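Observations on the three-dimensional arrangement
Letter by letter, the chains look like this.
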Amino acid sequence: GRSASPDVLPATASVQVGDGATLTASTGYFEAAALTGAGTVDLANGAQARVADASAFTGTLSGTGALATKSAVADATVSCDVVVDGAWTIADGTKPGVQTSGRVFVPASGVLTVTNPDASKAVDCVLAKGVQGVQAPTGVDGWTSTLVADKWRTAFSISDDGTQFMCRTKPRLGLILVVQ
């Protein structure tokens, strides 16, 4: 494998890890604009990866390190810890944005961008699921949504069992009063 650090991979780089290939970050951290491919990213010895967009990555993220991302990583196999960056984008909420056998760390505030919402129904979605738990030391009350507030209600929470960071979006139904 190849060890990575900020001076090896520019933060503006798009990194593709092909099927069968392994990118190993053995210490420190690396940044990338995008992570794609179907290979393996091994975050060893507590290494950290900050990736703006990992939505097209379908491989494996593993190791004792952590992935920080602003995008869903719904089609990857993740066993490292995950840090939910202060912004998150989901398309339809049909599957978790990220699911890991490790832990998920959620900051006290962030912005959820929902694309293509169905205005006719409520959507419950799991933004992140961590088998070893979701940690939000100061709560999630500072999270907001890009949905128009007078048309949508959005609520963020941690599941009762402490393993999921969740969001519920629901259209505000108007009242029509007809007087005759």
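Being a predicted model, the structure only gives us computed values, none of them experimental. (Residues numbered from 1 in each chain as written. Predicted model: local features only at pLDDT ≥ 70, side-chain atom pairs only at ≥ 80, totals over all residues. Heavy atoms only, no water.)

Another aspect to go through is the overall build of the protein chain. Across its full length, the protein chain holds 0 helices and 17 strands. A total of 180 residues make up the protein chain; the buried ones form 41% of that total. Excluding contacts between residues fewer than 6 apart, the proportion of contacts in the protein chain whose partners are at least 24 apart in sequence is 36%. By element, 51% of the accessible surface of the protein chain is carried by carbon and sulfur atoms, the whole surface being about 9,300 Å². (Helix = DSSP H or I, 4+ residues; strand = E, 2+ residues; numbered from the N terminus. Buried < 20%, exposed > 50% of the residue type's maximum accessible area, 1.4 Å probe, protein only. Contact = heavy atoms within 4.5 Å. Areas by Shrake-Rupley, 256 points an atom, 1.4 Å probe, with all protein chains shown as cover.)

Positive phi values are uncommon outside glycine, yet N45 reaches one of about 55 degrees. Given a relative accessible area of 61%, N45 falls into the exposed group.

Further remarks concern the environment of S101. Within the secondary structure, S101 sits in the loop between β10 (98-100) and β11 (104-105). A sequence separation of 21 residues divides S101 from C80, and the C-alpha atoms of the two residues are 7.1 Å apart. S101 has contacts with V78, S79, V131 and Q132, leaving out every residue within four places of it along the chain.

Counting across every chain of the model gives 2 salt bridges. Note that R103 and D81 form a salt bridge whose closest N and O atoms lie 2.5 Å from each other. Here R103, found in the loop between β10 and β11, pairs with D81, found in strand β9 (residues 81-90); they are 22 residues apart in sequence, far enough to count as distant. Take D81: its relative accessible area is 11%, and that puts it in the buried class. The partner of D124 in a salt bridge is R168, with the nearest N and O atoms 2.6 Å apart. Of this pair, D124 sits in strand β13 (residues 123-130) while R168 is found in strand β17 (residues 164-171), placing the two residues 44 residues apart along the sequence. Looking at R168, the relative accessible area reads 35%, which means it is partly exposed. (Salt bridge = Lys/Arg side-chain N within 4 Å of Asp/Glu carboxyl O.)

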